[in-house]
Amino acid sequence: MLDEAKTAEDVQTVLRCSARAAVQAQGVTVVQLDHGECHYLDEDAMSPLWKGQRFPAESCISGWAMLHDQTVAIRDIRTDSRIPQAAYRPTFVRSLLMVPIRVAGSPVGAIGAYWADLHQASSEEVAVLERLAAAAGRALGKVSARSAADRSPADGALAV
């Protein structure tokens, strides 16, 4: 499905529709790194999380994963200093797995999976979400390349 994505929104939709079931989580988010902020683009969760909201990358776990270019699994969010407790308190989230999405080797986004109970992400769950993130990165790279090829100097855009 990701190989067939024509737009960034297509990639986002595939992730939203597949990631939650792939790791049997109660919620997933798709996050974009945007000028030092984490923009929560979309979600599929048992109750609302942060869709449409923006947080400074330095103050949220998705930002931590992207800025450090590392997958992070947290069994109990209440005991991890990287978690902004005020943002999580009104949610169902108790455990999480956050995986950066890379394009050309650099993090541009993340996929977050969330569990309502204490849950230590298994090596298989980590591998599944990392494979999804890698496929999303490849798809976003293709979308970006197609978009650049479609632009012409007459469009007012720089040719890349």
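Preceding block: the structure.
A few points on the structure. The written sequence of each chain sets the order in which its residues are numbered from 1. Note on the predicted model: pLDDT of at least 70 is required for a residue's local features to be given, and 80 or more for side-chain atom pairs to be given and counted; whole-chain, interface and lining totals, by contrast, use all residues. Note that water and hydrogens are dropped before the side-chain values are worked out from all heavy atoms of the structure.

Bringing the pattern of salt bridges into the picture now. The rule for a salt bridge is simple: a side-chain nitrogen of Lys or Arg has to be within 4 Å of a carboxyl oxygen of Asp or Glu. A full pass over the atoms with the stated rule returns eight salt bridges. Close ionic contact of Lys51 with Asp42 constitutes a salt bridge, the shortest N to O distance being 3.3 Å. Using a 1.4 Å probe on the protein chains alone, a residue whose accessible area is under 20% of its type maximum counts as buried, one over 50% counts as exposed, and one in between counts as partly exposed. By relative accessible area, which is 6% here, Asp42 ends up buried. A salt bridge links Arg102 to Asp69, with the nearest nitrogen and oxygen atoms 2.6 Å apart. Here the residue Arg102 occupies a position in strand 5 (residues 95–103), and Asp69 occupies one in the loop between helix 2 (61–68) and strand 4 (72–74), the gap between them amounting to 33 residues. With relative accessibility at 34%, the residue Arg102 sits in the partly exposed group. For Asp69, a relative accessible area of 30% gives the class partly exposed. When salt bridges with common partners are traced through the structure, they connect Arg16, Asp42 and Lys51 into a single cluster. Helix and strand labels come from DSSP, where a helix needs a run of H or I of at least four residues and a strand needs a run of E of at least two; each type is numbered from the N terminus.

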